[in-house]
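Results of the structural survey
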Amino acid sequence: MSTLFYVSYAALWVLLLTIGVLVLLLYRHFGVMSLGTLEGVQRDGLPIGSVAPPISGVTAAGQDTAWQPQRGQPQLLLFAAPDCEPCATVLPHVERLARVVNGGLGIAAVVPGPRDEVIRFAERYRPPFLCLAEDGSGAFTRYKVRVTPFGFVVGSDGRVLAKGLCGDQVRLRGLLE
């Protein structure tokens, strides 16, 4: 067979693989857009108005502890992961928020997996707020969280006031408003 045949054959495979990657990126993009819509947000997470259940977990220091809604104080509960790039985008804003509000808003982060994951999370971001590894407690399942970063605003009565995907400063601000 001729060289032209082999070159065109290889070029078609390269083209096919490139198109396949682009289609996967397109599906991912539309999935993220769908999660950002009102319908997508209402499908994921606890329903707005429901009582936020307590979450047991382990801190980076190895202490077994629990997060629970604080009566009389609104809270931001953020579900995040150490290797999540949207989490890396939004966490500096959450850290700044924690320093600015200075006790006016309780903030906590829940990380999937064992203690090792919350250690990596704490080493990477150095958050000034409570961070827990769910460590098999099923918090992600109970809160119906499938993707990170996903946040809940819990009111002073312990009920979910707002929820949603918060992968950047604009979405975080929208969630908090």
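So, how was this worked out
- Residues numbered from 1 in each chain as written.
- Predicted model: local features only at pLDDT ≥ 70, side-chain atom pairs only at ≥ 80, totals over all residues.
- Heavy atoms only, no water.
- Core = buried A, V, L, I, M, F, W, Y, C linked by side-chain atoms within 4.5 Å.
- Buried < 20%, exposed > 50% of the residue type's maximum accessible area, 1.4 Å probe, protein only.
- Helix = DSSP H or I, 4+ residues; strand = E, 2+ residues; numbered from the N terminus.
- Axes fitted to C-alpha atoms, helices over the stretch in contact; angles between N-to-C directions.
- Parallel < 35°, antiparallel > 145°, perpendicular 65-115°, else oblique.
- Contact = heavy atoms within 4.5 Å.
- Nonpolar A, V, L, I, M, F, W, Y, C, P; charged D, E, K, R; others polar.
- Arc of directions from axis to C-beta.
- Pairing = 2+ DSSP bridges.
- Salt bridge = Lys/Arg side-chain N within 4 Å of Asp/Glu carboxyl O.
- Patch = residues over 30% accessible without salt bridge, like charges linked within 9 Å, V, L, I, M, F, W, Y side chains within 5 Å.
- Areas by Shrake-Rupley, 256 points an atom, 1.4 Å probe, with all protein chains shown as cover.
- Left-handed = near helix turned anticlockwise from the far one by under 90°.

**Describing the nonpolar core**
- Counting residues in hydrophobic clusters, the biggest one holds 27 residues, and the most contacted among them are Leu76, Leu91, Val94, Ile107, Phe121 and Phe129.
- In terms of residues, this core owes the most to one element, helix H3 (residues 85-101), which gives 6 residues.
- In this structure, Leu46, Trp67, Ala139 and Phe152 belong to the second largest nonpolar core, which totals 17 residues.

**Here we look at the packing of H3 against helix H6 (residues 169-176)**
- Running from amino to carboxyl end, H3 crosses H6 at an angle of 45°, the nearest separation of the two axes being 9 Å. In terms of orientation, H3 and H6 fall into the oblique class. Facing Val90, His93, Val94 and Leu97 of H3, the residues of H6 in contact are Gln169, Leu172 and Leu176.
- Within the contact of H3 with H6, the residues separate by chemical class into 5 nonpolar, 2 polar and no charged.

**Let's talk about helix H4 (residues 115-125)**
- Taken together, the buried positions of H4 are occupied by Val118, Phe121, Ala122 and Tyr125. Considered in projection along H4, the buried side chains sweep an arc of 95° and stay on one side of the axis. Residues of H4 that are exposed and angled more than 90 degrees away from the buried face: Asp116 and Glu123.

**Focus: the pairing of strand S1 (residues 55-58)**
- Where S1 and strand S2 (residues 64-67) come together, 4 bridges link them in antiparallel fashion. For Ile55, the partnering residue across the bridge sits in S2 and is Trp67.
- Following S1, the chain reverses through 5 residues before pairing antiparallel with S2; Gly62 in that reversal takes a positive phi of roughly 90°.

**Some words on the pattern of salt bridges**
- Using the criterion set out here, one finds 3 salt bridges in the structure.
- Note that Arg124 and Glu85 form a salt bridge whose closest N and O atoms lie 3.8 Å from each other. On the criterion of sequence distance, the pair formed by Arg124 in helix H4 and Glu85 in helix H3 is long-range, its members being 39 residues apart.
- Judged by its relative accessible area of 41%, Arg124 falls in the partly exposed class.
- Look at Glu85 and you get exposed, because its relative accessible area is 51%.
- Arg120 is the partner of Glu117 in a salt bridge, and the nearest nitrogen-oxygen pair spans 3.0 Å. You can see Glu117 and its partner Arg120 sitting in helix H4, 3 residues apart, about one turn around the helix.
- Owing to a relative accessible area of 22%, Glu117 belongs among the partly exposed residues under this scheme.
- A residue is classified by how much of its surface remains accessible, and Arg120, at 34% relative accessible area, is partly exposed.
- Ionic contacts of the salt-bridge type, sharing partners, join the residues Asp83, Glu117 and Arg120 into one network.

**Some words on a nonpolar patch on the surface**
- Where nonpolar side chains cluster on the molecular surface, the patch consists of Met1, Phe5, Tyr6, Tyr9, Trp13, Leu16 and Leu17 and spans about 860 Å² of accessible area.
- Along the chain, Tyr6 turns up in helix H1 (residues 3-36).

**Quick word on the packing of H3 against H4**
- Where H3 contacts H4, the axes come no closer than 11 Å and their chain directions differ by 60°. By the criterion of interaxial angle, the relationship of H3 to H4 is oblique. Seen from above, H3 lies across H4 with right-handed handedness. Contacts between H3 and H4 pair Glu85, Cys87, Ala88, Leu91 and Glu95 from the former with Phe121, Arg124 and Tyr125 from the latter.
- Class assignment for the residues of the contact of H3 with H4 results in 5 nonpolar, no polar and 3 charged.

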